[in-house]
Amino acid sequence: MLKLAVCVSGGGTNLQAIMDAIDSGAITDTSIEVVISNNKDAYALERAKAHGIHAICISPKDYESRAAFNEDFLAQLNSYHVDLVVLAGFLVVIPEQMIKEYRNRIINIHPSLIPSFCGTGYYGLKVHEGALARGVKITGATVHFVDEGTDTGPIILQKAVAVQEGDTPEILQRRVMEEAEWKIMPQAIDLIARGKVSVVDGHVKISE
Ligand code: GAR
């Protein structure tokens, strides 16, 4: 059984896609042990509770220093003994010590085809604003392992999505979620649950 912690900050549609895929059997042999939000008002917390999943809030704002937050975040995560940490729209920088202890055991979804429109400052709608400002015809989403950089870790899955005439950032965001994010995030978790994913020389290998 692959045990997950899912970290969220907002609406939680990717969390919903993961919960639905576990229920339907599209993700095999996996359970969500805890949902962690940095934002007590995140709708994702309601989605977790409605699904009977244990959900907690850990916010940097409630700590004296970033170091104190980082230490407690890691201690609380460790207490759930999970195999994989899933960042599903989590907008907090992951502490370095956590990256070390969970090497190739933290995955993130990013709403573009990395290495386009990623890195510091590119999150949420800003990614789609950037894609529209540049006039790209194809965008998409990427699931990758988290390393010390911002959106620089080994890429697991990507899916392309067409930009259409008249797209606004909101319309494009929704299409990227529907056509790419809600598909490749559950797929990546299922591949990991089935032991199909390894990292060799910094690149992901997916076995048959
Ligand atoms: C998603 O589009 C996700 O790709 C993005 O935040 C949104 C969260 O939506 N993540 C990032 O931009 C990370 N850099 P959700 O809360 O409905 O899943």
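To be clear, the structure that these remarks concern was listed above.
Everything numeric in this text was worked out from a predicted model, so none of it was measured.

The rules behind the values
Residues numbered from 1 in each chain as written. Predicted model: local features only at pLDDT ≥ 70, side-chain atom pairs only at ≥ 80, totals over all residues. Heavy atoms only, no water. Near = heavy atom within 4 Å. Polar contact = N/O pair within 3.5 Å; in protein donor to acceptor, adjacent residues only side chain to side chain. Areas by Shrake-Rupley, 256 points an atom, 1.4 Å probe, with all protein chains shown as cover. Helix = DSSP H or I, 4+ residues; strand = E, 2+ residues; numbered from the N terminus. Buried < 20%, exposed > 50% of the residue type's maximum accessible area, 1.4 Å probe, protein only. Core = buried A, V, L, I, M, F, W, Y, C linked by side-chain atoms within 4.5 Å. Contact = heavy atoms within 4.5 Å. Phe/Tyr/Trp six-rings, centres within 6.5 Å; stacked < 30°, edge-to-face > 60°. Axes fitted to C-alpha atoms, helices over the stretch in contact; angles between N-to-C directions. Parallel < 35°, antiparallel > 145°, perpendicular 65-115°, else oblique. Nonpolar A, V, L, I, M, F, W, Y, C, P; charged D, E, K, R; others polar. Disulfide = S-S within 2.5 Å. Expected span 1.5 Å × (residues − 1). Salt bridge = Lys/Arg side-chain N within 4 Å of Asp/Glu carboxyl O.

Caption draft 1: Expanded view of the site of the ligand. For the ligand, the set of nearby residues contains 14 residues, the closest of which are Gly12, Thr13, Asn14, Gly124 and Glu181. Here an oxygen atom of the ligand and a backbone polar atom of glycine 12 are 2.7 Å apart. Within the side chain of histidine 110, one N or O atom sits 3.3 Å away from a nitrogen atom of the ligand. Protein contact buries 91% of the 450 Å² of open area that the ligand shows by itself. Within the residue set of the shell around the ligand, elements represented by two or more residues are helix H1 (13–24), strand S5 (106–110) and helix H6 (169–193).

Caption draft 2: Geometry of the side chain of threonine 139. Structurally, threonine 139 is set in strand S6 (residues 138–145). What makes threonine 139 buried here is its relative accessible area of 3%.

Caption draft 3: Broad picture of the nonpolar core. Counting residues in hydrophobic clusters, the biggest one holds 42 residues, and the most contacted among them are Val6 and Ile107. Counting residues per element, this core draws most heavily on H6, at 9 residues. Apart from the residues within four sequence positions on either side, isoleucine 107 is in contact with Leu84, Val85, Val86, Leu87, Val143, His144, Phe145, Val146, Ile156, Met185, Ile189 and Ile192. If you look at the next biggest cluster of nonpolar residues, it comprises 22 residues, including Ile36, Ile56, Leu74 and Val146.

Caption draft 4: Main features of the environment of serine 207. Inspection of the secondary structure puts serine 207 in the segment after strand S9 (203–206). Separated by 173 residues in the primary sequence, serine 207 and valine 34 place their C-alpha atoms 29 Å from one another. Apart from residues lying up to four places away in sequence, serine 207 is in contact with Gly195 and Lys196.

Caption draft 5: Examining unusual backbone geometry more closely. The step from isoleucine 114 to proline 115 runs through a cis peptide bond, and the omega angle for that step is 20°. Residue position: proline 115 is located in the loop between S5 and helix H5 (125–134). Although it is not a glycine, aspartate 151 adopts a positive phi angle of roughly 65°. Within the fold, aspartate 151 resides in the loop between S6 and strand S7 (155–162). Taking the relative accessible area as the measure of exposure, aspartate 151 reaches 12% and is therefore buried.

Caption draft 6: Molecular detail of the packing of aromatic side chains. Counting across every chain of the model gives 4 aromatic pairs. Among the aromatic residues, ring-to-ring pairing joins Tyr63, Phe69, Phe73 and Phe90 into one connected group.

Caption draft 7: Structural context of the packing of H5 against H6. One can describe the packing of H5 onto H6 by two numbers: an axis separation of 9 Å at closest approach and a directional angle of 110°. Put simply, H5 runs roughly perpendicular to H6. Across the interface between the two elements, Leu125, His128, Glu129, Ala131 and Leu132 from H5 touch Pro169, Glu170, Leu172, Gln173 and Val176 from H6. Among the residues forming the contact of H5 with H6, the class breakdown is 6 nonpolar, 2 polar and 2 charged.

Caption draft 8: Structural detail: the state of the cysteines. Scanning the entire structure with this criterion turns up 0 disulfides. Cysteine 57 supplies the cysteine sulfur nearest to cysteine 7, a cysteine that is in no disulfide, at a spacing of 12 Å.

Caption draft 9: Local environment of H1. The end-to-end C-alpha separation of H1 is 16 Å, in line with the 16 Å expected for 12 residues at 1.5 Å each. All buried positions along H1 are accounted for by Asn14, Leu15, Ala17, Ile18, Met19 and Ala21. Contact partners of the buried residues in H1: strand S1 (2–8), strand S2 (30–37), helix H2 (43–50), strand S4 (84–87), S5 and H6.

Caption draft 10: Structural context of the pattern of salt bridges. Considering all chains together, one arrives at 5 salt bridges under this definition. In this structure, aspartate 41 and lysine 40 form a salt bridge, with 3.6 Å as the shortest nitrogen-oxygen distance. Note on lysine 40: relative accessible area 62%, which makes it exposed. In this structure, aspartate 190 and arginine 194 form a salt bridge, with 2.9 Å as the shortest nitrogen-oxygen distance. Its relative accessible area of 8% is what places aspartate 190 among the buried residues.

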